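This is what each chain is made of:
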Amino acid sequence: MDIAFDLFLYSFMFLILYFQVFLILTLLENRSSIKSENKRLEGIGPDGETLENIPDTDKPTVTIVVPVFNEEKTVEKTILSLLDLNYPKDKLTIMVVDDGSKDNTWKFVQKFQGHPMIALHQKENGGKYTALNYAIEHATSEYIGCLDADSFVDSEALNHILPYFAEEGVVAVTPSMKIQNPDNVLGMIQNAEYQLGIFTRKILAILDAQYVTPGPFSIFKREVFNDVGPYRHAHNTEDLEMALRLQEKHYKIRNAHRALVYTVGPRTIYKLYKQRVRWTGGFIQNALDYKRLILNPNYGNLGFLVLPLAMYSILATLIFLAYNLTTLITRSFEAYNRFKVTGFDWRLDLQQFIGTNIDWWFYNLQSSLILGSIAVLIIIFAVVYGKKLAGIKENNYMDILYFLLLYSLISPLWLITSVYNTIRNRDAAWR
Amino acid sequence: MNTRQSIDRNKYVMTFMITAIIFGLMLYINGILDQKRYEDVKSIQDQISLDLLSSETQFNLLKETSCKSIDDSVLSKELNSLATKLSYLEANQSESNQGEIAYLKKYYSLLQVKDWILMRQLAEKCKDQKVISVLYFYGDKEDCSECEDMSYVLTRLRQQYPELRIYSFDTKLDLGALNTLKTIFGIESTKLPALVYNGQSNIGFKSIDEIKELIPDLKQIDIENAKKKELEEMSKDSENKASTSTGATSAKPRN
């Protein structure tokens, strides 16, 4: 193998391992503080400052925005889950903003017309971020959050989130997200991925390095928008850009790991692909827009570790992919040449394959294999821990298996497209 | 309110150290495994050289005894597996180990030459010993574009005919005995691949069928195998017939 590629391979493996060790160390350092957070949420901490103990009249006012665009199928369930929130009725407003739906969404939500907690608004279509800005303009509550019409909240979610605002400088709190009833392989893959996300988000929050305040049920102090300004188009990932903007201004974003939000994951590969192209592309382009944060020590772990590593790993994955594809093509070519001169005899071919591949002696027990196993172990740990962290009671671990087996096969699809889109857009901007 | 985020330098250093330790450990394990592979090959070679010595001794004794007392053990069966392992080592070892690999290869080539000589003597003395020996000379991809295809064909033939012994020699190796062998059969590094059978050297790629033309013994084996198969099928058929006829007789009483 080429020495330059070896060097690249080793440095990549080193960095990935470094990041994993860093996450685990952070977890070990903060285990006791996570435990005390849990106790406080259950109202048994020394200060017992759970919202349960605060009289209803003293609880802050909250607006939850439901931006809808052609979502007649799920909007009702979303609104009902919000009405079911364990929170004083006079302190909670549900603001449905119809962003110019072409279907019957507006007709569907009319049944909530006149409901004391629900405000219905309709505007011309302008994209999700305009619907959010419309709501921010019209809301008067202390806190504001959003819930997409494909998501539902746990009834205690708000009570788990609001206590985090007691810390000084905190302007946003993210929830834990889970896939709603994963019932096919794709759903299971996403389920494990989201649980891994619960773990990473918690650790990133501890590190002050969250780079996304997810659309579903991240709650903000409303007044912060007066300072940082409204949502932007931000390459269709306005929730990512907002987090980076808050980080740039050194605001704090916390994570309420017990606040569960259920979301309906894409049910076909194509829809998942579309969603991820948007997410990944949005990440790359927003990170490029905020490149002044990268490797800038003023932005702590986010600037120094998380952003550069995330960018690097996207690039490295593509290089790996190219390398693996080249190897695959070379091997197939070799095999083709061999069959051409020897003919195909499955018994003898299998015998030869087993002789040179299954015997440990020939097994390429190289560094990548050892490091790969370490990475797999850490991923399994993180998924299980994420599940435990959010208090999810599911005793099905098949999702981890599907995730480990299939995720690396499908994720290159959107990585390639996202990088390609980024390059193309950048080029276009030059003219 | 808006304080700058800080970096915990100690943690970054600590993480670096832990990562470095894991990495170092991994490289260390890798080194041990490579060493183990190398030693494994060496021990196989020692085994072969012991086998050969034993064969030579047996052969010397043979002058006083008959062919029948020679058992299969004279044919060192390890040679083939050694060849596969050596080519793996050659392809996967780091640069620093290439010297050791070259040494192993030379040793292996010598063992092959010795085995070949022994086989020839055996064949002369004991006519019913069925061993077909072929010498195969190959070179690098740059010098010999057909060598790869040739080795595929030979590997396949070796699988199909256990009686076939192929001795393969890398013409690049600088080894006295190998050079002599090359001179005997007029092998040139520019005319590869070369197959030597019955003292005749054949240059260029040969397909499976062409090799069978070259080595009529292989065809003979094919014919014998076909006969055997036919006999087996015939005996199977007659068994089947016997069982169906008994089935028919047992069904009769019902009528």
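Definitions and limits used
- Residues numbered from 1 in each chain as written.
- Chains lettered and ligands numbered in written order.
- Predicted model: local features only at pLDDT ≥ 70, side-chain atom pairs only at ≥ 80, totals over all residues.
- Heavy atoms only, no water.
- Helix = DSSP H or I, 4+ residues; strand = E, 2+ residues; numbered from the N terminus.
- Contact = heavy atoms within 4.5 Å.
- Areas by Shrake-Rupley, 256 points an atom, 1.4 Å probe, with all protein chains shown as cover.
- pLDDT = per-residue confidence, 0-100.
- Pairing = 2+ DSSP bridges.
- Axes fitted to C-alpha atoms, helices over the stretch in contact; angles between N-to-C directions.
- 1 Å grid on protein atoms, 1.4 Å probe; cavity = no way out; pocket = protein on both sides within 12 Å on 5 of 7 lines; lining within 4 Å.
- Points joined across faces, edges and corners; volume = space filled by probe spheres on them.
- Nonpolar A, V, L, I, M, F, W, Y, C, P; charged D, E, K, R; others polar.
- Salt bridge = Lys/Arg side-chain N within 4 Å of Asp/Glu carboxyl O.
- Buried < 20%, exposed > 50% of the residue type's maximum accessible area, 1.4 Å probe, protein only.
- Parallel < 35°, antiparallel > 145°, perpendicular 65-115°, else oblique.
- Left-handed = near helix turned anticlockwise from the far one by under 90°.
- Patch = residues over 30% accessible without salt bridge, like charges linked within 9 Å, V, L, I, M, F, W, Y side chains within 5 Å.
- Lys, Arg positive; Asp, Glu negative; His and termini not counted.
- Charge placed at Lys NZ, Arg CZ, Asp CG, Glu CD.
- Polar contact = N/O pair within 3.5 Å; in protein donor to acceptor, adjacent residues only side chain to side chain.
- Disulfide = S-S within 2.5 Å.
- Phe/Tyr/Trp six-rings, centres within 6.5 Å; stacked < 30°, edge-to-face > 60°.
- Lys NZ or Arg CZ within 6 Å of the ring centre and 35° of its normal.
- Expected span 1.5 Å × (residues − 1).
- Bend = angle between axes of the 7 residues up to and from the residue.

Chemist: Explain the overall build of chain B residue by residue, including any values.
Modeler: Along chain B, the regular secondary structure elements total 7 helices and 4 strands. Beginning at the N terminus, the succession of helices and strands in chain B can be written as α-α-α-β-α-β-α-β-β-α-α. Partitioning the intrachain contacts of chain B with sequence separation of at least 6 by distance along the chain shows that 73% fall at a separation of at least 24. A total accessible area of about 15200 Å² is found for chain B, and carbon and sulfur atoms account for 53% of it.

Chemist: Tell me about the confidence of the model for chain B, and please be specific about residues and values.
Modeler: Residue and element names in this part refer to chain B. Averaged over all residues, the pLDDT of chain B is 76; the fraction at 70 or higher stands at 76%. Of all secondary-structure elements in chain B, the lowest mean pLDDT belongs to helix H2 (residues 78-92), at 66, while helix H5 (residues 176-185) reaches the highest, 86. Across residues 247-255 the pLDDT falls below 50, and counting only partners more than four positions away or on other chains, this stretch makes 0 contacts in the model. Model confidence for the complex is summarised by a pTM of 0.76, with the ipTM given as 0.80.

Chemist: Lay out the sheet that holds strand E2 (residues 164-170) of chain B in plain terms, naming residues and giving numbers.
Modeler: Residue and element names in this part refer to chain B. Reading across the sheet, the 4 strands line up as E2-E1-E3-E4 and stay open at both edges, with mixed pairing between neighbours. Both outer strands of the open sheet, E2 and strand E4 (200-203), are each paired with one neighbouring strand and no more. Each strand axis lies, on average, 20° off the axis of its neighbour in the sheet, ignoring direction. By the bridge criterion, 3 bridges tie strand E1 (residues 132-138) to strand E3 (residues 194-197) in an arrangement that is antiparallel. Bridge pairing links Tyr 136 to Leu 195 in E3. Across the sheet, helix H4 (residues 147-160) touches E1, E2 and E3, and the angle it forms with E1 is around 160°. On top of the sheet, H5 reaches E1, E2, E3 and E4; it is set at about 105° to E1, its chief contact.

Chemist: So what about empty space enclosed by the protein? Which residues, and what values?
Modeler: Residue and element names in this part refer to chain A. All chains considered together, the criterion is met by 3 cavities of 30 Å³ or more. By volume, the largest cavity is sized at about 110 Å³. Around the largest cavity, the lining is made up of 16 residues, and of these Leu 132, Gly 145, Cys 146, Phe 220 and Tyr 231 lie nearest the centre. Elements that contribute at least two residues to the lining of the largest cavity include exactly helix H4 (128-138), strand E4 (143-146) and helix H8 (238-248). Of the residues assigned to the lining of the largest cavity, the class counts are 9 nonpolar, 4 polar and 3 charged.

Chemist: Let's hear about the pattern of salt bridges: which residues, and what values?
Modeler: Residue and element names in this part refer to chain A. One pass over the structure, following the stated rule, counts 16 salt bridges over all chains. Two residues, Glu 167 and Lys 252, come together in a salt bridge whose shortest N-O distance is 3.6 Å. Within this pair, whereas Glu 167 is found in the loop between helix H5 (157-161) and strand E6 (170-179), its partner Lys 252 is found in strand E8 (residues 252-263), the two being separated by 85 residues in sequence. Overall, the relative accessible area of 23% leaves Lys 252 in the partly exposed class. The salt bridge involving Asp 183 is made with Arg 267; its shortest N-O contact spans 2.9 Å. Of this pair, Asp 183 sits in the loop between E6 and helix H6 (185-206) while Arg 267 is found in the loop between E8 and helix H9 (269-289), placing the two residues 84 residues apart along the sequence.

Chemist: An account of the packing of helix H10 (residues 300-342) of chain A against H4 of chain B is needed here, citing residue identities and associated values.
Modeler: Interhelical geometry of H10 of chain A versus H4 of chain B gives an angle of 60° and a closest axis separation of 9 Å. Overall, the two elements H10 of chain A and H4 of chain B adopt an arrangement that is oblique. In this structure, H10 of chain A crosses over H4 of chain B, and the sense of that crossing is right-handed. Between H10 of chain A and H4 of chain B, the residues in contact are Glu 334, Asn 337, Arg 338, Val 341 and Thr 342 of chain A and Glu 148, Asp 149, Tyr 152, Val 153 and Arg 156 of chain B, respectively. Considering only residue class, the contact of H10 of chain A with H4 of chain B consists of 3 nonpolar, 2 polar and 5 charged.

Chemist: Requested: an account of a positive patch on the surface, with residues and values cited.
Modeler: Residue and element names in this part refer to chain A. A contiguous patch of positive charge, built from Arg 31, Lys 35, Lys 39 and Lys 388, is present on the exposed surface. Per-element tally for the positive patch: the top contributor is helix H1 (residues 3-41), with 3 residues. Relative to the helices and strands, Lys 35 resides in helix H1. Judged by relative accessible area, Lys 35 falls into the exposed class, the value being 57%.

Chemist: Explain the side chain of Thr 78 of chain A to me, using residue names and the numbers behind them.
Modeler: Residue and element names in this part refer to chain A. Structurally, the position occupied by Thr 78 is in helix H2 (residues 75-83). A polar atom in the side chain of Thr 78 sits 3.0 Å from the backbone oxygen of Ala 149. Among residues more than four places away in sequence, those in contact with Thr 78 are Val 66, Leu 147, Asp 148, Ala 149, Asp 150, Ser 151 and Phe 152.

Chemist: Break down the state of the cysteines for me, citing the residues and quoting the values.
Modeler: Residue and element names in this part refer to chain B. Here the structure, examined in full by the defined rule, presents 1 disulfide over all chains. What pairs with Cys 144 in a disulfide is Cys 147, and their sulfur atoms sit 1.8 Å apart. The sign of the 100° torsion about the S-S bond sets the Cys 144-Cys 147 disulfide as right-handed. For the residue pair Cys 144 and Cys 147, the accessibility class agrees, reading buried in each case.

Chemist: Provide a residue-level description of the sheet that holds strand E3 (residues 118-123) of chain A, including the pertinent values.
Modeler: Residue and element names in this part refer to chain A. Here we have 8 strands laid out as an open sheet, ordered E3-E2-E1-E4-E7-E6-E8-E5, and mixed in their pairing. Edge strands, defined here as strands with exactly one partner in the open sheet, are E3 and strand E5 (151-153). In this sheet, neighbouring strand axes are inclined to one another by 30° on average, regardless of whether the strands run parallel or antiparallel. Across 4 bridges, the pairing between strand E1 (residues 62-68) and E4 is parallel. Bridge pairing links Val 62 to Tyr 143 in E4. With respect to the sheet, H4 is in contact with E1, strand E2 (92-99), E3 and E4, its orientation differing from that of E2 by roughly 140°.

Chemist: How would you sum up the packing of aromatic side chains? Please name residues and give values.
Modeler: Per the counting criterion, the structure on display carries 21 aromatic pairs over all chains. Chaining the aromatic ring pairs together yields one cluster made of Tyr 10 and Phe 14 of chain A together with Phe 16 and Phe 23 of chain B. Lying over the aromatic face of Trp 414 of chain A, Arg 276 of chain A brings its terminal NZ or CZ to 5.7 Å of the ring centre.

Chemist: If you had to explain H1 of chain A to someone new, which residues and values would you point to?
Modeler: Structurally, the α-helix is built with 3.6 residues per turn, so residues lying three or four positions apart point the same way. Helix length check: H1 of chain A, at 39 residues, gives a terminal C-alpha distance of 54 Å against a target of 57 Å (1.5 Å per residue), a fit within 8%. Approximately 55° is the largest bend angle found in H1 of chain A, and it occurs at Asn 30 of chain A.

Chemist: Account for H4 of chain A, with residues named and values stated.
Modeler: Of all the positions in H4 of chain A, only Thr 130, Ala 131, Leu 132, Asn 133, Ala 135 and Ile 136 of chain A are classed as buried. Buried residues belonging to H4 of chain A abut E1, E2, E3, E4, helix H7 (224-228) and H8 of chain A.

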